[in-house]
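# Tertiary structure, described
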Amino acid sequence: MPTTKKENIIFGLMMCVGMVVGMTTYNLIINDLIGVLSLQGMLMQFALGFVIAFLLESFIVGPLAHRIAFSLPFDKTKRLPAILALSCCMVVGMVLCMSVFGLVSSYAANGLSGVSWLSSYGSIALKNFIFALPFQLLIVGPIVRFVFGKYIQSEPAVQASQAG
C-alpha cells in the first residue's frame, strides 16, 4: 500500500484509470452506445470521467472512505480486512458520486423524457454498484496492488540498495 504522498497519488491514478476504463466501457455497453458514439465521444467520456473520478477520489471520497473504513470494528493489523473495508467504502462513495456524472451525461446526450431525476439516478447507481463492487474487488484492485507493489513501491528500495 502507498506510504508516501507521491505513492498515494500514483496508486490513486492507477485505480482511477482501471475503474474508469472498466466503468466507462460497461456503461457504453449497457446503454447500447458502442457504435452510436464516435471514438472521439467515447474518449471524451473517458477523459472527463477520469478527471472527475480522480478529483473525487483524492479530495472527497478517498479521505471519507479512509475515515469510515478504519473506524469499523476489525483487526487493523490484518491486511485483507483492511483492503476489503476500504475498497467497499470507496466503491460505495464513488458509485454514489459518479452516478451523478452518469445522470448528467445521459441528460446531456438525450434528455430525460417522462422519467424523474431521482428514479434515473437510483437506476444508474444500482447498475453501477452491481458491476463496480466485484470489478474492484476481483479485478482492478488486485491488479493495481500487484503492479504498484512490484513496480512502484519497490522502486525506492531498489535505488537505495544500488547506492550502497
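Located above this text is the structure these notes cover.
Please read all numbers here as calculations on a predicted model, not as lab measurements.

### Looking at the overall build of the protein
- Along the backbone of the protein there are 5 helices and 0 strands.
- Seen in sequence order, the protein has helices and strands lined up from the N terminus as α-α-α-α-α.
- Counting only C-alpha atoms and orienting by the principal axes, one finds that the protein spans roughly 65 × 40 × 25 Å.
- Classification of the 164 residues of the protein by burial places 33% in the buried group.

### Overview of the environment of Ala-132
- With respect to the helices, strands and loops of the structure, Ala-132 is situated in helix α4 (residues 117-152).
- Looking at Ala-132, the relative accessible area reads 3%, which means it is buried.

### Side note on the nonpolar core
- Ala-53, Met-90, Met-94 and Met-98 are the most contacted members of the largest nonpolar core, which has 18 residues in total.
- Aside from chain neighbours lying at most four places away, what touches Met-90 is Glu-57, Val-61, Gly-62 and Ala-65.
- One finds Met-15, Tyr-26, Phe-135 and Val-144 within the second-largest nonpolar core, a separate group that totals 17 residues.

### Thoughts on the packing of helix α1 (residues 5-30) against α4
- As a packed pair, α1 and α4 sit with axes 9 Å apart at the nearest point and diverge in direction by 145°. Along this stretch, α1 crosses α4, giving a crossing that reads as right-handed.
- Each residue belonging to the contact of α1 with α4 can be placed in one class, and the counts come to 16 nonpolar, 6 polar and 3 charged.

### Quick look at helix α2 (residues 39-69)
- Spanning 31 residues, α2 covers only 38 Å between terminal C-alpha atoms, well under the ideal 45 Å at 1.5 Å per step.
- Remark: the principal bend of α2, roughly 55°, maps to Glu-57.
- Those residues of α2 hidden inside the fold are in contact with α1 and α3 (79-110).

### Focus on the state of the cysteines
- Taken as a whole and assessed by the stated rule, the structure comprises 0 disulfides.
- As a non-bridged cysteine, Cys-16 has Cys-97 as the owner of its nearest cysteine sulfur, 12 Å distant.
- By relative accessible area, which is 28% here, Cys-97 ends up partly exposed.

### Here we look at the packing of α2 against α3
- The contact between α2 and α3 brings their axes to 9 Å, and the two run at 140°. Seen from above, α2 lies across α3 with right-handed handedness.
- Broken down by class, the residue content of the contact of α2 with α3 amounts to 16 nonpolar, 6 polar and 1 charged.

### A few points about the environment of Tyr-26
- Counting through the fold element by element, Tyr-26 comes out in helix α1.
- In sequence terms Tyr-26 and Asn-128 are 102 residues apart; their C-alpha atoms lie 8.5 Å from each other.
- In this structure Tyr-26 touches Lys-127, Asn-128 and Phe-131, once residues within four positions along its chain are discounted.

### So, the packing of aromatic side chains
- Summed over all chains, the structure comprises 7 aromatic pairs.
- For the ring pair Tyr-107 and Trp-117, a centre distance of 5.0 Å and an interplane angle of 45° mean the geometry is tilted. With Tyr-107 in helix α3 and Trp-117 in helix α4, this pair connects stretches of sequence that are 10 residues apart.
- An aromatic cluster is present here, built from Tyr-26, Phe-131 and Phe-135 joined pairwise through their rings.
- Looking at Lys-76, its charged tip hangs above the ring of Phe-74, at a distance of 4.6 Å from the centre.

### Concerning a nonpolar patch on the surface
- A cluster of nonpolar residues, Val-51, Leu-55, Phe-59 and Ile-60, forms a patch on the protein surface that exposes about 410 Å² of accessible area.
- Tracing the sequence through the fold places Leu-55 in helix α2.
- Owing to a relative accessible area of 43%, Leu-55 belongs among the partly exposed residues under this scheme.

Analysis parameters
- Residues numbered from 1 in each chain as written.
- Predicted model: local features only at pLDDT ≥ 70, side-chain atom pairs only at ≥ 80, totals over all residues.
- Heavy atoms only, no water.
- Helix = DSSP H or I, 4+ residues; strand = E, 2+ residues; numbered from the N terminus.
- Buried < 20%, exposed > 50% of the residue type's maximum accessible area, 1.4 Å probe, protein only.
- Core = buried A, V, L, I, M, F, W, Y, C linked by side-chain atoms within 4.5 Å.
- Contact = heavy atoms within 4.5 Å.
- Axes fitted to C-alpha atoms, helices over the stretch in contact; angles between N-to-C directions.
- Left-handed = near helix turned anticlockwise from the far one by under 90°.
- Nonpolar A, V, L, I, M, F, W, Y, C, P; charged D, E, K, R; others polar.
- Expected span 1.5 Å × (residues − 1).
- Bend = angle between axes of the 7 residues up to and from the residue.
- Disulfide = S-S within 2.5 Å.
- Phe/Tyr/Trp six-rings, centres within 6.5 Å; stacked < 30°, edge-to-face > 60°.
- Lys NZ or Arg CZ within 6 Å of the ring centre and 35° of its normal.
- Patch = residues over 30% accessible without salt bridge, like charges linked within 9 Å, V, L, I, M, F, W, Y side chains within 5 Å.
- Areas by Shrake-Rupley, 256 points an atom, 1.4 Å probe, with all protein chains shown as cover.
- Salt bridge = Lys/Arg side-chain N within 4 Å of Asp/Glu carboxyl O.

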